[in-house]
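The chain contents come next:
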Amino acid sequence: MKRYAHGFLACMTGWIIAATPAAAHNESIHQAMTDLSWQMMRFVEQTGTARISETDPEFIAFLERVKTTPHKYLTRPSQLHELVAADSSGCAPPLQNWNTSLGGLRAAPKWDFYKWKQCGSHNADWEASLAGVAPDDFIGAALGFWAGSPDGAYDDTHLWFRPSNALGLGAVREVANEATEDALTVALVPIVCLIDWLFGDGEDCVKDSKKIADTVDVTEEIDGWIPGIGDVHGESWVGVWHFIDMNDGASNEYDERQGKLWDEAGVPGAPMDALELVLMAGFDAAGLSVNFSDSQGIGKYTVDNANDGVQDTIRRDQAKWQFTSIAHTPFEPVNNLAWHGWSRFHSDSAHPVSMLAWPLHAIGDSIAPMHVVGTSAWGHRPFEDSQERIWPGIWNFRKTDVQTQLPAIERTMRRAFEWWKVIEGWRASHGNTKDIPIRQLIRELAARTHAYSMQQHAATLGDWPFSPAASTTYLVAENDSIQAYADTDGAAEKVRPLYEDGMGMTIAVLVAAGEHFE
């Protein structure tokens, strides 16, 4: 019997993984975005601010900040050697060469450096894209490696098969549980609101009533503690924490904006993607559920006492996280992921650059259209794979021709300035701290991505960026579905504003981080 059970689990795991596109922008694109942002900062530093035609004194002052930022990173430990110090393989460059500062790097770390492939470095033809950037400046590549690295945080998500959630029982109990909670909430509202109005402001009395109803559900508490079988984790599941659902009408039960929630995912006003429905059916049939004890993402991305103007996470215990299958379990949003890294970077006296990985990664995920509607389908995987194929065409830089580079640099710097004004405004109301409102920034970037994506989806009559058939096609004709996105009319021009918005925020965050090194 045990052998058959293991066989069933293996089959279910294999089928679900084969169908699940849970990753975000490819790590290579995270690295390329961050590196190009860095090179734009170097461009301003090396060629001066006068090249960017602008008379606004505030914008000019911001460019001066950008100009003085790169040198602050030169002596910061790269922290790359920490990832490979135990590796004894013969590589060029030698492993010890990674034990240096950012400014001392002799090669560009590859996006999969932490996997130690190809000896961890890009091929010898790695070179800068922009004028004024030295060919041996690998700082942007190193920061870009860190930006992609959260996709390798496999221990963020551990799942298992809970028999009590299998065969759809978890979904049925979830509906019954919500009905019970709703009835109890209605009964509690008059009492709780009266107390709130007498002793408080009465603003959150309905939400408070729901919280009380939620906490007294004994059935959920007992059932949620029943253990599961097996361990499902890896690259297909790490990305469940990398979404922020900006759709109107989202439940947002535990955060101001929820993260991944399968049964609310997708394009507003459209039927759910067939692949998403199949995935949910598979999760419910198998009882695939969160393993509370082993999933490090729960502790990392539950936000307490942030004092940043964004609602703290309503904390869930083990029973809440395990009560039903992952099809009906809301995960924390990607702006919480950003806060995890930034708050540690800011509070640690050493200000480790590795902690910038999370905010930089969150920026990249927040400009991915599928990540702001919470979907693993609608063309998610082929759209993001296609970005590697069209990346050079997005910019069309010619190395010896500054005039081909300047327009994109100007547009991106203007977006950086707009994000910088948000940071400065928030700092002014918080004692002029060096902290930044990273959750607010990511939320607002995601909102802009959502608005732009919806506008483009309507303008292209449902052709871009969301496709109801592309994810299913990807399973049987991967290359064709990727190339279809790459061949979309004006694909590079359509996606460019998203990158410029995200790279503008990357520059603003790197400037803010650099102030910690003074």
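Computed from a predicted model, the values in this text were never measured in an experiment.

Undergrad: In this structure, what is going on with the sheet that holds strand 3 (residues 288–290)? I would like to understand it.
TA: Within a sheet, adjacent strands bond to each other through the backbone by hydrogen bonds, running parallel or antiparallel. Strand order across the open sheet formed by three strands is 2-1-3, with antiparallel pairing between neighbours. Looking at the sheet topology across the chains shown, the edges are occupied by strand 2 (229–232) and strand 3. In this sheet, adjacent strand axes meet at a mean angle of 35° when their direction is disregarded. Here strand 1 (residues 159–161) runs beside strand 2; their pairing, made up of two bridges, is antiparallel. Bridging across to strand 2, Phe 161 finds its partner in Ile 229.

Undergrad: Just to check I follow, could you spell out the pattern of salt bridges for this structure?
TA: As a working rule, side chains carrying opposite charge can pair if their charged atoms are close by. On inspection of all chains with the given rule, the structure shows 22 salt bridges. Between Asp 137 and Arg 42 there is a salt bridge, with its nearest N and O atoms 2.6 Å apart. Highlighted residues: Asp 137 in the loop between helix 5 (81–84) and helix 6 (139–148) and Arg 42 in helix 2 (residues 27–47), separated in sequence by 95 residues. The residue Glu 500 makes a salt bridge to Arg 411 at a minimum N-O spacing of 2.7 Å. Taken as a pair, Glu 500 in helix 20 (residues 491–514) and Arg 411 in helix 16 (residues 406–428) lie far apart in primary sequence, 89 residues in all. What makes Glu 500 buried here is its relative accessible area of 7%. Classification of Arg 411 as partly exposed rests on a relative accessible area of 35%. Through salt bridges with shared partners, one network takes in Arg 65, Glu 424, Arg 427 and Glu 515.

Undergrad: What exactly am I supposed to notice about unusual backbone geometry here?
TA: What you tend to see is this: most non-glycine residues have negative phi, and most peptide bonds are trans. In the segment running from Trp 464 into Pro 465, the intervening peptide bond is cis, with an omega of 5°. Along the chain, the position of Pro 465 falls in the loop between helix 17 (438–459) and helix 18 (470–476). Although it is not a glycine, Asn 307 adopts a positive phi angle of roughly 50°. Assignment of secondary structure puts Asn 307 in the loop between helix 11 (296–301) and helix 12 (318–322). Exposure remark for Asn 307: the relative accessible area of 63% places this residue in the exposed category. Of note in the backbone geometry, His 351 takes a positive phi value of approximately 45° without being a glycine.

Undergrad: Just to check I follow, could you spell out the nonpolar core for this structure?
TA: In summary, soluble globular proteins display a tendency toward joint burial of nonpolar side chains. Membership of the largest hydrophobic core comes to 121 residues, with the highest contact counts inside it found for Tyr 73, Met 413 and Tyr 499. A total of 14 residues in this core trace back to one element, the largest contributor, which is helix 20. When near neighbours in sequence (up to four residues on either side) are disregarded, Met 413 contacts Met 40, Met 41, Val 44, Ile 52, Phe 59, Phe 62, Leu 63, Val 66 and Ile 507.

Undergrad: What should I look at first to understand the packing of aromatic side chains in this one?
TA: Given two aromatic rings, one states the distance between the centres and the angle between the planes to describe the pair. For the structure shown, the criterion picks out 21 aromatic pairs. A ring pair is formed by Tyr 73 and Phe 517, whose centres lie 5.1 Å apart and whose planes are at 90°; its orientation type is edge-to-face. Linking Tyr 73 in helix 4 (residues 70–73) with Phe 517 in the segment after helix 20, this pair joins segments that are 444 residues apart in sequence. Centroid distance Trp 241 to Trp 321: 5.8 Å. Interplanar angle 50°. Geometry classified as tilted. You can see Trp 241 sitting in the loop between strand 2 and helix 10 (274–286) and its partner Trp 321 sitting in helix 12, a full 80 residues away along the chain. Neither Trp 241 nor Trp 321 differs from the other in exposure class; each is buried. One aromatic cluster is present, formed by Trp 38, Tyr 73, Trp 342, Phe 345 and Phe 517 through successive ring pairs.

Parameters and conventions
- Residues numbered from 1 in each chain as written.
- Predicted model: local features only at pLDDT ≥ 70, side-chain atom pairs only at ≥ 80, totals over all residues.
- Heavy atoms only, no water.
- Pairing = 2+ DSSP bridges.
- Helix = DSSP H or I, 4+ residues; strand = E, 2+ residues; numbered from the N terminus.
- Axes fitted to C-alpha atoms, helices over the stretch in contact; angles between N-to-C directions.
- Salt bridge = Lys/Arg side-chain N within 4 Å of Asp/Glu carboxyl O.
- Buried < 20%, exposed > 50% of the residue type's maximum accessible area, 1.4 Å probe, protein only.
- Core = buried A, V, L, I, M, F, W, Y, C linked by side-chain atoms within 4.5 Å.
- Contact = heavy atoms within 4.5 Å.
- Phe/Tyr/Trp six-rings, centres within 6.5 Å; stacked < 30°, edge-to-face > 60°.

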